[in-house]
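# Structural overview
Letter by letter, the chains look like this.
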Amino acid sequence: MGAYRLLLALLVAVSHMGKMFMGFNPGVVAVISFLLISGFVMTSLIERNYQAPEKVGRFYLDRALRLYPQFLFYFILSCAVIYFLLPGTPQWAELTFRNIAASLAIVPLGFYMFGASGSWILPPAWSLGLEMCFYLVIPFLLIYRARGVAFALSVAVFIPACLGFVNTDYYGYRLLPGVLFIFLCGSYLYKPQAKGLIIAAGTAAAAALIFAAIMMGWIERRPSNAEVAAGIALGIPAVYGLTTLKFHRIDEFLGNISYGVFLNHFLVIYFLHGLWPITSFDWSKVATVLVLSLLLSGVSYYCVERPALKFRHKFRAGSKDRVGAVRASEATA
């Protein structure tokens, strides 16, 4: 799934440079697949390492060790670039103690639309706030077998949002109540059973029908609703198919640099804009940003992410050792 994750990150970057495909925002479609992948991976991680209430705290620490190293690296670089190269801009105005402190907590980034944080220092990071909200609830949904109820409640929020009864962009794309069911579709694809496959396949089919209804004008097209529907309809079969493929080192490498590309492309844009003000992106500028983003992501993976990855694996091994010791003492008792 590594090459797919990198493709998704590149689509997000291209969308942030104003490029559309047939009138659709490819970044939104890509983010939906990221949510599906997250649901799949978190279910795998929890079932293998943290499937008990007393281990939820360790799961949270595991996720912090995953998200923070490169996030902090690029957040600090972005602050520096904005401060020195973009004075007087909206980005520069967001360099306040309040915005920086809120951004470093990550979760408030997912609520930027309510003024909980700024949105211009590292714009793609709003979705990390959404991810963190998902991390907070998924262990309990799995441990207490509450995915079905959560799925139904989330759909009950998404449908009114898609139809425009509540803010479509917020509650149908950016906030957890309206998209939790998308994460959970990915969760159902891990070790899929008949029930889970029916739910995921049915969701994909329903999303395809919603997309068709939007395109035919039966449902009013609103910000992100067509892209979200397309992302679900395309993403579920794509993720399911990719999870059946065997491990390959090249694929792993491509996946390793995807997170950096997702985070750093705005930093590259800010840097280039500070040197030579950019008014629009032709495809040569898009290619320049993508190449620089890929190179920088390779550097940050090997210099920042990889050392943290080794520590995280030791942390998980320690968790398994503790579980083994507890079970052994219980058996002895």
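Small disclaimer: the values here were computed from a predicted structure and weren't measured.

Another point: the environment of Ser-127. Tracing the backbone through its elements, the reader meets Ser-127 in helix α6 (residues 126-143). The exposure class assigned to Ser-127 is buried, which follows from its relative accessible area of 8%. C-alpha of Ser-127 to C-alpha of Tyr-170: the two residues are 43 residues apart in sequence and 12 Å apart in space.

Of note, Ile-76 is situated in helix α3 (residues 56-85). Once the C-alpha coordinates of Ile-76 and Val-14 are considered, the two residues, 62 residues apart in sequence, prove to be 23 Å apart.

This part covers the packing of aromatic side chains. Centre-to-centre distance and the angle between the planes together describe a pair of aromatic rings. In total, this model carries 20 aromatic pairs according to the counting rule given. Geometrically, the ring pair formed by Phe-73 and Tyr-74 is edge-to-face, given 5.0 Å between the ring centres and 70 degrees between the ring planes. For Phe-73, a relative accessible area of 29% corresponds to the partly exposed category. Between the aromatic rings of Trp-126 and Tyr-173, the centroid separation amounts to 5.3 Å while the plane-to-plane angle is 65 degrees, which identifies the pairing as edge-to-face. Of this pair, Trp-126 sits in helix α6 while Tyr-173 sits in helix α8 (residues 168-174), placing them 47 residues apart in sequence. Taken individually, Trp-126 and Tyr-173 each receive the classification buried, so the pair is uniform in this respect. Of note, Lys-19 hangs over the ring of Trp-283, and the distance from its end group to the ring centre comes to 5.1 Å.

Two residues of an α-helix separated by three or four positions point the same way, owing to the 3.6 residues in each turn. End to end, helix α10 (residues 194-215) covers 31 Å across 22 residues, agreeing with the expected 32 Å (1.5 Å per residue, within 8%). Turning to α10, its buried residues number three or more, namely Gly-196, Ala-200, Thr-203, Ala-204, Ala-207, Ile-210, Ala-213 and Ile-214. On its buried face, α10 sits against α7 (147-163), α9 (176-188) and α11 (225-242). Downstream of α10 by a residue or two, Gly-217 has a phi angle that is positive, lying close to 85 degrees.

Unusually for a residue other than glycine, Met-22 sits at a positive phi of about 55 degrees. Tracing the sequence through the fold places Met-22 in the loop between α1 (2-16) and α2 (26-49). Residue classification places Met-22 among the exposed residues on the basis of a relative accessible area of 80%. Here Ile-106, not a glycine, exhibits a phi torsion of approximately 65 degrees, which is positive. Considering the arrangement of structural elements, one finds Ile-106 in the loop between α5 (97-104) and α6.

Any two side chains of opposite charge can pair if their charged atoms end up close together. For the structure shown, the criterion picks out 6 salt bridges. Among the ionic pairs, Arg-66 bridges to Glu-305, the shortest N-O distance being 3.2 Å. In this pair, Arg-66 sits in helix α3 while Glu-305 sits in helix α13 (residues 283-332), placing the two residues 239 residues apart along the sequence. Residue class for Glu-305 comes out buried when judged on its relative accessible area of 3%. Put simply, Glu-220 and Arg-222 hold a salt bridge, and the shortest N to O gap is 3.0 Å. By relative accessible area, which is 26% here, Arg-222 ends up partly exposed.

Turning our attention to the nonpolar core. If you look at the biggest cluster of nonpolar residues, it comprises 83 residues, and the most contacted ones within it are Phe-71, Leu-128, Ile-138 and Ile-182. By residue number, the principal contributor to this core is α2, which donates 12 residues. Excluding anything up to four places from it in sequence, Phe-71 contacts Ser-103, Leu-104, Ile-106, Leu-109, Leu-122, Ala-125, Leu-128, Tyr-259 and Leu-263. Residues Val-14, Ile-269, Leu-272 and Val-289 belong to the second largest nonpolar core, which totals 11 residues.

The subject of this paragraph is α6. Helix length check: α6 (18 residues) gives 27 Å between terminal C-alpha atoms against 26 Å at 1.5 Å per residue, within 8%. Where α6 bends most, at Val-137, the angle is about 30 degrees, and the proline Pro-139 comes one to four residues later. When you tally the buried positions in α6, you get 15 out of 18 residues, the bulk of the element. Arg-145, located one to two residues past α6, shows a positive phi value of around 50 degrees.

Moving on, we get to the state of the cysteines. Applying the stated criterion across every chain yields a total of 0 disulfides. Cys-133 takes part in no disulfide bond, and the closest cysteine sulfur to it belongs to Cys-185, at a distance of 19 Å. Free of any disulfide, Cys-185 has its nearest neighbouring cysteine sulfur in Cys-162, separated by 15 Å.

Atomic detail in the predicted coordinates should be set aside for any region of low pLDDT. For the protein chain, the average pLDDT comes to 92, and 95% of its residues sit at 70 or higher. A low-confidence stretch, residues 323-333 (pLDDT under 50), is modelled with 1 contact involving residues beyond four sequence positions or located in other chains.

Calculation rules
- Residues numbered from 1 in each chain as written.
- Predicted model: local features only at pLDDT ≥ 70, side-chain atom pairs only at ≥ 80, totals over all residues.
- Heavy atoms only, no water.
- Helix = DSSP H or I, 4+ residues; strand = E, 2+ residues; numbered from the N terminus.
- Buried < 20%, exposed > 50% of the residue type's maximum accessible area, 1.4 Å probe, protein only.
- Phe/Tyr/Trp six-rings, centres within 6.5 Å; stacked < 30°, edge-to-face > 60°.
- Lys NZ or Arg CZ within 6 Å of the ring centre and 35° of its normal.
- Expected span 1.5 Å × (residues − 1).
- Contact = heavy atoms within 4.5 Å.
- Salt bridge = Lys/Arg side-chain N within 4 Å of Asp/Glu carboxyl O.
- Core = buried A, V, L, I, M, F, W, Y, C linked by side-chain atoms within 4.5 Å.
- Bend = angle between axes of the 7 residues up to and from the residue.
- Disulfide = S-S within 2.5 Å.
- pLDDT = per-residue confidence, 0-100.

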